[in-house]
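Residue-level listing of the chains:
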Amino acid sequence: MLAELFAVLAPVLIAAGIGYGWVRSGQQYPTDFIARLVLNIGTPCLVLSTLSRAELEMSAFSQMALACVLVTSSMGLVGWLLSRLFGLDWKVLVPAYLFPNSGNMGLPMALFAFGEAGLALAVAFFLVLSVGHFSIGMLLSGAEGSLKGLLLNPIMISLALVLPVLFLDLELPRWLANTVDLLGGMTIPLMLITLGVSLASIRVQHLGNGMLLGLLRILCGAALGWLIGWAIGLQPLAHAVLVLQSSMPVAVFNYLFAVRAGRSPEQVASLVLCSTLLAFALIPLLLAWWMPALR
């Protein structure tokens, strides 16, 4: 079991470590360019190539989409309650609890833990979450204030182009399938390297609150993922993927949005860094508990 867990975590840690070490050694990393490349080109291609290739029934996709909405909404309520309890600005804590790092960490973890079938389900979760993150999330964080800006966001446009292919069950021409496979293949490695770069670049304060709230984000996410998956009757693999994606740490994009809006970026940075470090310790325990049940 230890060997299996190491095989899951090693690629994630090594790739993120490359990004961390790259920046710490004084090398330049074009974060903005890479982030735009990954989100505007790589991610839609990964979504399209993965879901068009996987034998994922529409019912399974719909169930995962419903589960994502239910978990995300519940986590938003948890974030609001905790903001009242700790006397924090809800516009800082609620987005952090609403939107976990289901892309940079969630997709690689699902792939290495549960294979291509798990990745397809994780992509379905990520796709639904991304629609909310780059619309509601940007409004809540103050990073975008106009409806026109949201609708013209390249992420929203790319996702809108992907959805008809998925829902109409279209078969891609071979030249297009090969192209999106190639471009989608760059996404996960660049996501992980950029995660390491972001962690190396963040300067944090409020570490005590960050550790406590980061721990609660992971534990509440895992608990709600398990409860909601059980309540709607997800199959074992889908249930496992839901719990994994729901327990991811705070997404780095929450920090980028907070910087853009000038809304307590140091508090968000603390949540991102602390929850990510805690995730590297807690996710192996979660996988050690769940992976044997799928055999």
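Computed from a predicted model, the values in this text were never measured in an experiment.

Novice: Residues and numbers for the overall build of the protein, please.
Specialist: Along the backbone of the protein there are 13 helices and zero strands. Ordered by position from N to C terminus, the α and β elements of the protein give α-α-α-α-α-α-α-α-α-α-α-α-α. In the protein, which comprises 295 residues, the share counted as buried stands at 52%. Restricting to contacts in the protein with at least 6 residues of sequence separation, those with at least 24 account for 83%. Counting every atom, the protein has about 13300 Å² of accessible surface; 68% of that belongs to carbon and sulfur.

Novice: Outline the packing of aromatic side chains, supporting the account with residue identities and numerical values.
Specialist: The tally for this structure, following the rule as stated, stands at one aromatic pair. Between Trp 226 and Trp 230, the ring centres sit 6.3 Å apart and the planes meet at 0°, which makes this aromatic pair stacked. Placement of both Trp 226 and Trp 230 in helix 10 (residues 207-231) is noted, with a separation of four residues, approximately one turn of the helix.

Novice: So what about the side chain of Arg 217? Which residues, and what values?
Specialist: For Arg 217, the location among the structural elements is in helix 10. Those residues in contact with Arg 217, other than ones at most four positions away along the chain, are Met 75, Ala 96, Tyr 97, Leu 98, Pro 100, Ser 246, Met 248, Pro 249 and Val 250.

Novice: Could you give me a rundown of the nonpolar core, with the residues and numbers involved?
Specialist: Formed by 73 residues in total, the largest nonpolar core has its most connected members in Met 64, Tyr 97, Leu 107, Met 109, Leu 244 and Ile 283. Ranked by the residues each element gives to this core, the list is headed by helix 5 (residues 106-141), at 14 residues.

Novice: Give a description of the confidence of the model for the protein that names residues and reports values.
Specialist: Keep in mind that low pLDDT regions are not for reading the predicted coordinates in detail. On average, residues of the protein score 81 in pLDDT, and 80% of them reach the 70 mark or higher. The least confident element of the protein is helix 6 (residues 147-151), whose mean pLDDT is 59; the most confident is helix 11 (residues 236-246), at 94.

Novice: Give a description of the UniProt feature "transmembrane region" (unreviewed entry) in the protein that names residues and reports values.
Specialist: UniProt's feature table lists "transmembrane region" (unreviewed entry) at residues 33-52, 64-86, 106-129, 150-170, 182-202, 214-232, 238-257 and 269-291, given in the numbering used throughout. Summarising residues 64-86: 100% helix, 0% strand, and an end-to-end C-alpha distance of 32 Å.

Novice: Go over the packing of helix 10 against helix 11 with me, naming the residues and quoting the values.
Specialist: Taken N-terminus to C-terminus, the directions of helix 10 and helix 11 make an angle of 155°; their axes are 7 Å apart at the nearest point. Compared by their axis directions, helix 10 and helix 11 come out roughly antiparallel. Helix-helix and strand crossings are classified by hand; for helix 10 and helix 11 the assignment is right-handed. Where helix 10 abuts helix 11, its residues Arg 217, Gly 221, Ala 222, Gly 225, Trp 226, Gly 229 and Trp 230 lie against His 239, Leu 242, Val 243 and Ser 246.

Novice: Tell me about the side chain of Gln 245, and name the residues and values.
Specialist: Assignment of secondary structure puts Gln 245 in helix 11. Judged by its relative accessible area of 0%, Gln 245 falls in the buried class. Among the polar contacts made by the side chain of Gln 245, one reaches the main-chain carbonyl oxygen of Ser 102 at a distance of 3.3 Å.

Novice: Before we move on, could you go through the environment of Ser 52 and cite the residues and values that matter?
Specialist: Relative to the assigned elements, Ser 52 resides in helix 2 (residues 31-53). According to the relative accessible area criterion, Ser 52 is partly exposed, its value standing at 35%. When the C-alpha positions of Ser 52 and Ala 120 are compared, they lie 9.2 Å apart, and in sequence the two are 68 residues distant.

Novice: Please set out helix 11 residue by residue, giving values where relevant.
Specialist: Judged by how many residues are buried, helix 11 sits mostly within the fold: nine of 11 residues are covered. For helix 11, every residue scored as buried is listed here: Ala 238, His 239, Ala 240, Val 241, Leu 242, Val 243, Leu 244, Gln 245 and Ser 246.

Novice: How would you sum up a nonpolar patch on the surface? Please name residues and give values.
Specialist: Taken together, the side chains of Leu 77, Trp 80, Leu 81 and Trp 90 present a nonpolar region at the surface, about 390 Å² in accessible area. Per-element accounting of the nonpolar patch gives the leading share, three residues, to helix 3 (residues 58-86).

Novice: An account of the packing of helix 3 against helix 11 is needed here, citing residue identities and associated values.
Specialist: Helix-helix packing is characterised by the crossing angle of the two axes and by the distance between the axes. The contact between helix 3 and helix 11 brings their axes to 11 Å, and the two run at 35°. By crossing handedness, the relation of helix 3 to helix 11 is classed as right-handed. For the pair helix 3 and helix 11, contact is made by Met 64, Ala 67 and Val 71 and by Ala 238, Val 241, Leu 242 and Ser 246, respectively. A class-by-class count of the residues in the contact of helix 3 with helix 11 yields six nonpolar, one polar and no charged.

Novice: Pulling in residues and values, what's your account of the environment of Met 58?
Specialist: Relative to the assigned elements, Met 58 resides in helix 3. Note on Met 58: relative accessible area 36%, which makes it partly exposed. Considering only alpha carbons, one finds Met 58 and Leu 168, 110 residues apart in sequence, at a separation of 9.8 Å.

Conventions used here
- Residues numbered from 1 in each chain as written.
- Predicted model: local features only at pLDDT ≥ 70, side-chain atom pairs only at ≥ 80, totals over all residues.
- Heavy atoms only, no water.
- Helix = DSSP H or I, 4+ residues; strand = E, 2+ residues; numbered from the N terminus.
- Buried < 20%, exposed > 50% of the residue type's maximum accessible area, 1.4 Å probe, protein only.
- Contact = heavy atoms within 4.5 Å.
- Areas by Shrake-Rupley, 256 points an atom, 1.4 Å probe, with all protein chains shown as cover.
- Phe/Tyr/Trp six-rings, centres within 6.5 Å; stacked < 30°, edge-to-face > 60°.
- Core = buried A, V, L, I, M, F, W, Y, C linked by side-chain atoms within 4.5 Å.
- pLDDT = per-residue confidence, 0-100.
- UniProt positions renumbered as here; feature names shortened; annotations may be inferred.
- Axes fitted to C-alpha atoms, helices over the stretch in contact; angles between N-to-C directions.
- Parallel < 35°, antiparallel > 145°, perpendicular 65-115°, else oblique.
- Left-handed = near helix turned anticlockwise from the far one by under 90°.
- Polar contact = N/O pair within 3.5 Å; in protein donor to acceptor, adjacent residues only side chain to side chain.
- Patch = residues over 30% accessible without salt bridge, like charges linked within 9 Å, V, L, I, M, F, W, Y side chains within 5 Å.
- Salt bridge = Lys/Arg side-chain N within 4 Å of Asp/Glu carboxyl O.
- Nonpolar A, V, L, I, M, F, W, Y, C, P; charged D, E, K, R; others polar.

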